Amino acid sequence: MPDGIHKDKRKEKGLTGYPAPLLGTVLLAALLLSGCEKQTEATPDEMFAASRPFDAADAGRPTAGSELVGAEPALAPDPRRELEQMNFQQAIEAFGYAKLRRWAEELDPNAALFVAVAHIRGATGALRNDAQAEAWLLRAANIGAVEAQDALGLWSYREAVSALAERDRARFARMTIRAYAWLSLAQAHGSAEAGRHLREMLGELRPNEKMVRLAQAQAAAWRRCAAQSCWDHELDGPVVR
């Protein structure tokens with residue numbers, strides 16, 4: 001899929017009849033179409049400044065307290081906050097893979113998401129590697145990146161479609177439950193795209209009541225899990241507490 005595709009150009013259609021895609025292709029499509037483009041919002045500093053009436057006499061005047069002997073210097077803004085307003089290309093060009101990887105290891109959800117994309121696309125400094133991409137996408141989803149939750153749900157949905165075509169009932173059930181759980185979590189966290197994917201999945205796969213209950217139980221367990229052991233575990237995987 002070309003890098004320049006945006007979600008407003010995506011055609012509405014189900015997944016029946018699609019050949020089972022490679023993991024990298026599915027994850028890349030989900031990530032690029034479901035929110036790596038972030039809308040710019042005013043920072044708290046900008047909102048505060050805008051709320052104060054402008055006084056020409058203030059121009060060039062030292063900030064109150066800055067002249068005090070021994071005053072603590074102002075802390076430099078955390079550059080990781082900029083990731084919230086960036087898409088992948090902007091982030092990799094501004095900070096590079098190594099810095100994004102370090103921030104991802106420090107549990108920044110946006111950095112973890114971008115590291116996953118870097119391994120999908122084989123960006124500078126990152127080998128193209130589906131296993132690494134999935135691992136970092138899972139980390140991003142578990143520490144709060146909504147786009148990653150949607151991407152994992154969409155990938156599981158595609159895997160369920162493939163299992164259905166192959167008449168693999170066990171895999172179909174597992175992937176359907178996983179897709180429902182991730183997509184419902186992403187939708188609950190504010191992703192309209194995940195809500196659309198969830199409706200498509202329900203219409204196409206028609207999970208039974210037992211599957212839905214299991215998916216809801218997995219999502220509820222995810223919400224309760226805050227231990228380090230939860231950072232890298234799948235929804236239906238074992239958790240060591």
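I will try to describe carefully the structure that is included in this document.

Some points on the overall build of the protein chain
When you go through the protein chain residue by residue, the secondary structure sums to nine helices and zero strands. When each of the 241 residues of the protein chain is scored for burial, the buried share is 43%. Across the protein chain, contacts joining residues at least 24 apart in sequence account for 68% of those joining residues at least 6 apart. Total accessible area on the protein chain stands at roughly 13,900 Å², and carbon and sulfur atoms take up 54% of it.

Considerations on the pattern of salt bridges
Taken as a whole and assessed by the stated rule, the structure comprises seven salt bridges. Notably, a salt bridge pairs glutamate 193 with arginine 196, separated by 2.9 Å at the nearest N-O pair. Here glutamate 193 pairs with arginine 196, and both are found in helix H8 (residues 192-205), just three residues apart, close to one helical turn. Assessed through its relative accessible area of 13%, glutamate 193 is described here as buried. A salt bridge links glutamate 209 to arginine 213; the nearest nitrogen and oxygen atoms lie 4.0 Å apart. Taken as a pair, glutamate 209 and arginine 213 lie in helix H9 (residues 209-224) at a separation of four residues, close to a single helical turn.

Looking at the nonpolar core
If you look at the biggest cluster of nonpolar residues, it comprises 57 residues, and the most contacted ones within it are Leu83, Leu100 and Trp182. Elements with a contribution of two residues or more to this core: helix H3 (88-105), helix H4 (109-121), helix H5 (130-142), helix H6 (146-165), helix H7 (169-188), H8 and H9.

With respect to the packing of aromatic side chains
The way to describe two aromatic rings as a pair is by their centre distance and the angle between their planes. As enumerated under the stated definition, the model contains three aromatic pairs in all. Geometrically, the ring pair formed by phenylalanine 88 and phenylalanine 114 is tilted, given 6.3 Å between the ring centres and 55° between the ring planes. Here phenylalanine 114 lies in helix H4 and phenylalanine 88 lies in helix H3, a separation of 26 residues in the sequence. Given the relative accessible area of 3%, phenylalanine 88 is considered buried.

Observations regarding the environment of glycine 153
Among the structural elements, glycine 153 can be located in helix H6. Looking at glycine 153, the relative accessible area reads 0%, which means it is buried. Between the C-alpha atoms of glycine 153 and tyrosine 180, which are 27 residues apart in sequence, the distance is 6.8 Å.

Things to note about H9
Spanning 16 residues, H9 covers 23 Å between terminal C-alpha atoms, matching the ideal 22 Å at 1.5 Å per step. Of the surrounding elements, those touching the buried residues of H9 are H5, H6 and H7. Regarding H9, its N-cap is asparagine 208, as a side-chain oxygen of that residue lies 3.2 Å from the backbone nitrogen of lysine 210 further along.

What counts and how
- Residues numbered from 1 in each chain as written.
- Predicted model: local features only at pLDDT ≥ 70, side-chain atom pairs only at ≥ 80, totals over all residues.
- Heavy atoms only, no water.
- Helix = DSSP H or I, 4+ residues; strand = E, 2+ residues; numbered from the N terminus.
- Buried < 20%, exposed > 50% of the residue type's maximum accessible area, 1.4 Å probe, protein only.
- Contact = heavy atoms within 4.5 Å.
- Areas by Shrake-Rupley, 256 points an atom, 1.4 Å probe, with all protein chains shown as cover.
- Salt bridge = Lys/Arg side-chain N within 4 Å of Asp/Glu carboxyl O.
- Core = buried A, V, L, I, M, F, W, Y, C linked by side-chain atoms within 4.5 Å.
- Phe/Tyr/Trp six-rings, centres within 6.5 Å; stacked < 30°, edge-to-face > 60°.
- Expected span 1.5 Å × (residues − 1).
- Polar contact = N/O pair within 3.5 Å; in protein donor to acceptor, adjacent residues only side chain to side chain.

The values are spatial; any link to function lies outside them.
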